[in-house]
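Observations on the three-dimensional arrangement
Listed here are the chains, written in short residue letters.
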Amino acid sequence: MAILTNPELWVLTVAMSVPIAYGALGGMFSERGGTVNIAIEGMMLTSAFFAVVFAHSTMNPWLGLLGGIVSSVLMAVLLYWAAVPLVADHVVVGMAVDLLALGLTGYLLVTMYGYNGTPINTPSLPTWHFPWLSGIPVIGPALAEQSVLAYLLIPVLLASWYLLFRTPWGLRLRSVGENPHIARSAGLSVRGLKLSGVLISGVLAGVAGAYLSIGVLNSFTADMSDGRGYIALAALIFGNWRPGGATLAALLFGFATALSIQLQGTAISHNLVLMLPYLLTVVAVAGIIGRTTPPASDGLPYREEEDF
Amino acid sequence: MRTRSSIEGVVRPLISVLLALVVSSVIMMLTHYSPLIVFSSLISGAFGNLPNFGSTLVDFIPLAVMGVGLAFCFQSGLFNIGAEGQYWVGAFAATLVGVHFASLPLVIHVAFALLAGTVAGAAVAAVPGVLKAYRGAHEVITTMMLSYAAIEFGHYLVESGPLSQPGSIPQSYPFANSASLQPIIPTTQLSAAIFVALAAIVFGAWLLYRTRLGLGIQILGKNPKAARVAGLSVPVLTILGLSISGAFAGLAGGLQMVGVTHQLFDGFSDQFGFTAIVVALLARNNPWAVVPSAMLFAALYSGAQAMQITAGIPVELSFVIQGLIVFFVAADRLLDAAVRGKWLQRPQGPKPVKPALEAKEVG
C-alpha cells in the first residue's frame, strides 16, 4: 500500500489523465451530435507531431499548440466530410483517419527530421508552479506543479458543461444527436451542428496531442499517442457521454495507467492493471453495474431525404 | 440487375484504390519522392522474385483468414472491430498447446494448436455476441474494448505470465518441433499454413453462400425485422456471427504461431486484425473477393519493407496509402457525388475512370 501514498503515483496520475480527459471531452462533443469519433487517436497523434513542427520552426510553443490544434481540426474536417455529407460509416472513417495519421506523422517524421528524432531545441509549453499547494500530504506535488494545459483542463471542463447543458447551441447539438430528423423539422441546421461538434472534438483532441509532445516533453516519437485516444473513448463511454463523468473516468483510467507504471518491476503485473479500463467499460456498456446510454442517433447515417 | 451490381462491386473498390494511389502520389511528390520509383519498388518488393512473393504470401495468410471471417460477420450487419484481440487470443491458445505436448506427432500437434486457437478466438468473440443479444450492448464498443484488454493480457503472458520465458526479452517459450511448420520456400517463412488459409477461405465462402446459417446471416444483415418474421433467432445469429468471425481470427493467430513465428512475443501482430477489417470492406464482404483484397494489403506490407531496404523510402508511406484506401472505400459515395458533378472542382477525379462510371449509371 506504500505505493498509494507515494506522491510520484499521483503526479503521474494527473499527467496520464490530462490527455485522456481532453480526448474524452472532445469525443463527447462529436458523439453528442451523433458522430461516432474513434478518430480521436489519429487527431491526437497528428497534433502531437505538428505541435513540434510549429513549435520548433517558430521557436514559440504557443504557436506550436496552435499549429497542432489546426492540424487536428483538419483531420476532424476529414472525418466530418466523409461521415456526414458522404454518409460513410463513422467507425470505418475513424479508422481511416487513425491509420492516415499514423502513416503521415511517421512518414513526415523521417522525411523532415531523419532517423534521429525531432530537434532537441524544440521549446515546450510552460509548467506552472503553485508552491503553497505542495504542502498537502501525498497529492500536494501532483497539484503544485503541472503543465499549463493540465490547469487549463478545469476551465475547459466547466465550459464544456456550460456549453452542452446551458446554452441553446448545446441543446440543439444534443437534439441532433438524439434525433436529427426531428431537429431538422424544428428548423435546425443538422449538418452545421454536427460540424461544430466534430470541430470542437478536433480542437480538444489537438490540445491532448500537443500536451503529449510539447506539454510534458519537447519531442515527437512515432505513434506517441499509443492508444490514449482509444482509452479516451472508453472514458467517454464509461462516463456516460457527460462532461463530469468523462473527466472522472479519465482520472480513473489515468490512475490505472499511472499505477501500472509504478507497478513495473513488482510482483503485480502492470499489464493486468492496464486491462482494467477496457474491462470496466465493457461492464458499463453491458449494464451489469449501472448502465451507460449513448446518444440515440450516435453513428447512424443522416440523409436529409429521409426527413419526415 | 445482377450483372450491374457485380460490375459495380468490382469497379467501385478499384476506383477507391486508384483514388488512394493518386492522392498518395501527390503526397510523395510534395515530399520529393518519385511515385514511379515508390510504386515500382513496392511492386518488385512484393512480387519481384520468389522469396519476395513468398513473404507477401506470409502476410496474406492472416489478412485473408481474418478477412473472410469478418466478411461473414459484416454480412449480418454486425461490426466486429476486435479481430486484433481475437487474433492475439488465438495466438495465446495455440502457444499454450504448441509449447507443451512435445510427444505428439507433427500433424496432430499442429491441428491441436490450430483448433485451440480457433476455439479461443470464437469464445472471446462470443462475449460481445452474448452482451449484444441479451443486454443490447453495442458490439463496436465491446469488441474494441475486449480487443485492447486481450492485447494487454498478451503482454502479461509474455512478460510475467505463465507463458513467459525467463530472460530480458518478453517472449514465450519456443514451440515444440512437432508444432512448428517449416518453410516450403527457402529463405522465406512461407509454410504449409498457406494451404490451411486457402481451405479456410473456401470454407468461409461455403458457410456464407451454401448453408442455412449463411442465409440466416445474410437475411439478418439485410433486414433484421424480416429475419425475426421468418422465425430466425436473432440472438443466436448475433452470437454465431460474431463468434465465427472470432474463430477465423483465432485460427489466423494460431497459423501465425505454428507457421511463422513459432513463439509468442509482443510485436508478432503488426496490427493485422485492424487491416483485416479493411480487407473485408474493400472486398465488399464477399469471401471470394477477400483473396485479391488481402493480396493487395499483403503486398503493401511486405513491399514496403523491401522498399525501405532497397530504395530508402520510409516504410510508413505504406500506412498512408492504406489509410487513404480505407478512407476512399468508406467514403465511396464520393464517386456518386463526382458523377453528379457536385465535387467536380476537386482534384481527385481521375479522368479515364469517369466515363466508365457514367456508362454504368446509364446502363
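Everything numeric here is computed off the predicted structure, so don't read it as measured data. By convention here, each chain's residues receive numbers from 1 onward along its written sequence. Labels follow written order: the first chain is A, the first ligand is 1, and so on. Local features in this predicted model are restricted to residues of pLDDT 70 or higher, and side-chain atom pairs are both shown and tallied only at a pLDDT of 80 or more, whereas totals for entire chains, interfaces and linings draw on every residue. Side-chain metrics in this entry use all non-hydrogen atoms of the structure; hydrogen atoms and water are not considered.

Think of it this way: any DSSP run of H or I at least four residues long counts as a helix, any run of E at least two long counts as a strand, and we number them from the N terminus. Within chain B one finds 15 helices and 0 strands. Its C-alpha radius of gyration of 21 Å places chain B within 12% of the 21 Å reference for a compact globule of 363 residues. For the C-alpha atoms alone, the extent of chain B along its principal axes is close to 65 × 60 × 30 Å. Three exposure classes are used, based on accessible area relative to the maximum for each residue type with a 1.4 Å probe and protein chains only: buried under 20%, partly exposed in between, and exposed over 50%. Out of the 363 residues in chain B, the part that is buried amounts to 59%. Only C-alpha atoms enter the radius of gyration, while the globule expectation follows 2.2 Å times N to the 0.38, with N the number of residues.

Counting secondary structure elements, chain A contains 12 helices and 2 strands. Starting at the N terminus and ending at the C terminus, chain A contains elements arranged as α-α-α-α-β-α-β-α-α-α-α-α-α-α. For chain A, the spread of C-alpha atoms along the principal axes amounts to about 60 × 50 × 35 Å. Counting all 308 residues of chain A, 59% fall into the buried class.

Two aromatic rings are characterised by how far apart their centres lie and by the angle between their planes. The aromatic pairing rule takes the rings of Phe, Tyr and Trp, using the six-membered ring of Trp, and pairs them if the centres are within 6.5 Å, calling planes under 30 degrees apart stacked, those over 60 edge-to-face and the rest tilted. With the rule as written, the count across this model stands at 26 aromatic pairs over all chains. For the pair Trp128(A) and Phe130(A), a centre-to-centre distance of 6.5 Å together with 85 degrees between the ring planes defines the contact as edge-to-face. On the basis of relative accessible area, Trp128(A) is assigned to the partly exposed category, the value being 40%. Exposure remark for Phe130(A): the relative accessible area of 23% places this residue in the partly exposed category. Between Tyr278(A) and Tyr148(B), the aromatic rings sit 5.4 Å apart at their centres with planes inclined by 25 degrees, giving stacked as the arrangement. Here Tyr278(A), found in helix H12 (residues 270-285), pairs with Tyr148(B), found in helix H6 (residues 139-159), and the two come from separate chains.

Right, let's talk about the packing of helix H11 (residues 243-262) of chain A against H12(A) for a bit. Residue and element names in this part refer to chain A. Packing of H11 against H12 leaves a shortest axis separation of 8 Å and a crossing angle of 165 degrees. On the basis of the axis angle, H11 is roughly antiparallel to H12. By crossing handedness, the relation of H11 to H12 is classed as left-handed. Every residue of H12 that contacts H11 at Leu-252, Phe-253, Ala-256, Thr-257, Leu-259 and Ser-260 is listed here: His-270, Val-273, Leu-274, Pro-277, Leu-280 and Thr-281. In terms of residue class, the contact of H11 with H12 is made up of 8 nonpolar, 4 polar and no charged. Between N-to-C directions, angles cover 0 to 180 degrees, with each direction set by a line fitted to C-alpha atoms, over the stretch in contact for helices. If an angle is under 35 degrees, it is roughly parallel; if it is over 145, roughly antiparallel; if it lies from 65 to 115, roughly perpendicular; otherwise it is oblique. In a left-handed crossing the near helix is turned counterclockwise from the far helix by less than a right angle, and in a right-handed crossing that turn is clockwise. Contacts are residue-level and defined by heavy atoms, with any inter-residue pair within 4.5 Å sufficient. Basically, the charged four are Asp, Glu, Lys and Arg, the nonpolar ten are Ala, Val, Leu, Ile, Met, Phe, Trp, Tyr, Cys and Pro, and anything else, Gly included, counts as polar.

Residues and elements named next belong to chain B. Any residue with an atom within 4 Å of a point lines the site, the site being either a cavity, points on a 1 Å grid over the protein atoms alone where a 1.4 Å probe fits but cannot get out, or a pocket, an open set with protein on both sides within 12 Å along at least 5 of 7 lines. Grid points are joined across faces, edges and corners, and a volume is the space filled by probe spheres set on the points. As enumerated under the stated definition, the model contains 1 cavity of 30 Å³ or more in all. Within this model, the largest cavity holds a volume of roughly 40 Å³. For the largest cavity, the full set of lining residues is Gly-82, Gly-85, Gln-86, Val-124, Pro-128, Thr-143, Leu-146 and Ser-147. Mapped onto the lining of the largest cavity, the elements with two or more residues apiece are helix H4 (83-99), helix H5 (106-135) and H6. Ranked by residues supplied to the lining of the largest cavity, first place goes to H6 with 3 residues. Here the residues of the lining of the largest cavity are counted per class, giving 3 nonpolar, 5 polar and no charged.

A few words now on helix H3 (residues 50-75) of chain B. All names here are of chain B. If you check H3, its first and last C-alpha atoms are 35 Å apart, about what 26 residues at 1.5 Å a residue would give, namely 38 Å. Throughout, bend refers to the angle between the axes fitted to the seven residues that end at a position and the seven residues that start at it. Approximately 30 degrees is the largest bend angle found in H3, and it occurs at Phe-60, with the proline Pro-62 only one to four residues beyond. Summarising burial for H3: 21 of the 26 residues are buried, a large majority. What qualifies as a polar contact is a pair of N or O atoms within 3.5 Å, subject to a donor-acceptor requirement within protein and to the restriction that residues adjacent in sequence count only when both atoms come from side chains. Between the side-chain oxygen of the N-cap and the backbone nitrogen of Asn-52 there are 2.9 Å, and the N-cap of H3 in question is Asn-49. Where H3 terminates, the next one or two residues include Gly-77, which has phi positive at roughly 85 degrees. The length a helix should cover is 1.5 Å for every residue beyond the first.

We now examine the layout of surface pockets. Gaps left between atoms are located by rolling a probe of water-molecule size over the structure's atoms. Approximately 1400 Å³ is the volume found for the second largest pocket. Every residue lining the second largest pocket is counted, 48 residues in all, and those nearest its centre are Asp223(A), Asp226(A), Gly227(A), Tyr148(B) and Gln271(B). Among the elements that take part in the lining of the second largest pocket, H6(B) stands out by supplying 6 residues, more than any other.

Let's shift gears to the interface of chain B and chain A. Across the contact, 46 residues belong to chain B and 43 residues belong to chain A. Throughout this description, the term salt bridge denotes a Lys or Arg side-chain nitrogen within 4 Å of a carboxyl oxygen of Asp or Glu. Put simply, chain B and chain A have 0 salt bridges between them. Taken together, the links from chain B to chain A amount to 4 residue pairs in polar contact (both at pLDDT 80 or more). At the level of elements, helix H1 (2-30), H5, H6, helix H11 (272-282), helix H13 (317-330) and helix H14 (333-339) of chain B are the ones that each hand at least two residues to the side of chain B that touches chain A. Broken down by element, the side of chain B that touches chain A gets its largest block of residues, 13 residues, from H6(B). In terms of residue class, the side of chain B that touches chain A is built from 31 nonpolar, 9 polar and 6 charged.

To continue, consider the side chain of Ser225(A). Residues and elements named next belong to chain A. Checked against the element boundaries, Ser-225 lands in the loop between helix H9 (190-215) and helix H10 (228-238). A relative accessible area of 1% means that Ser-225 is categorised as buried. Once residues within four sequence positions are removed from consideration, Ser-225 is found in contact with Glu-41, Met-44, Leu-45 and Leu-212.

Turning our eyes to something else, we now look at the confidence of the model for chain B. Chain-level statistics for chain B give a pLDDT mean of 87 and a share of 92% at 70 or above. Here pLDDT means the predictor's own confidence in every residue, given as a number from 0 to 100. The model gives residues 343-363 of chain B a pLDDT under 50, and that stretch makes 24 contacts with residues more than four places away or in other chains.

Residues qualify for a patch when their relative accessible area is over 30% and they have no salt bridge, like charges being joined within 9 Å and the nonpolar side chains of Val, Leu, Ile, Met, Phe, Trp and Tyr within 5 Å. Every accessible area reported is derived by Shrake-Rupley at a probe size of 1.4 Å, with residue values counting cover from the shown protein chains alone. Taken together, the side chains of Leu63(A), Leu66(A), Val70(A) and Leu74(A) present a nonpolar region at the surface, about 370 Å² in accessible area. If you trace the backbone, Leu63(A) turns up in helix H3 (residues 61-83).

This paragraph deals with the pattern of salt bridges. Residues and elements named next belong to chain B. A complete count under the given rule lists 3 salt bridges over all chains for this structure. In this structure, the salt-bridge partner of Asp-332 is Arg-12, at a minimum N-O distance of 3.3 Å. Here Asp-332, found in the loop between H13 and H14, pairs with Arg-12, found in helix H1; they are 320 residues apart in sequence, far enough to count as distant. As far as the burial class goes, Asp-332 and Arg-12 line up, both buried.

Turning our attention to the nonpolar core. We call a set of buried Ala, Val, Leu, Ile, Met, Phe, Trp, Tyr and Cys residues a nonpolar core when their side-chain atoms join them within 4.5 Å. Tyr22(A), Val65(B), Ile277(B) and Ile325(B) are the most contacted members of the largest nonpolar core, which has 207 residues in total. Beyond its immediate chain neighbours, meaning those up to four positions away, Val65(B) contacts Ala197(B), Ala200(B), Phe248(B), Leu251(B), Ala252(B) and Leu255(B). Listed in part, the 8 residues of the second largest apolar core include Leu12(A), Met16(A), Ala258(A) and Leu259(A).

For the rest of this paragraph, the subject is H3(A). The periodicity of an α-helix, 3.6 residues per turn, causes residues three or four positions apart to be oriented the same way. If you check H3(A), its first and last C-alpha atoms are 33 Å apart, about what 23 residues at 1.5 Å a residue would give, namely 33 Å. N-cap assignment for H3(A): the residue whose side-chain oxygen lies 2.8 Å from the backbone N of Trp62(A) is Asn60(A).

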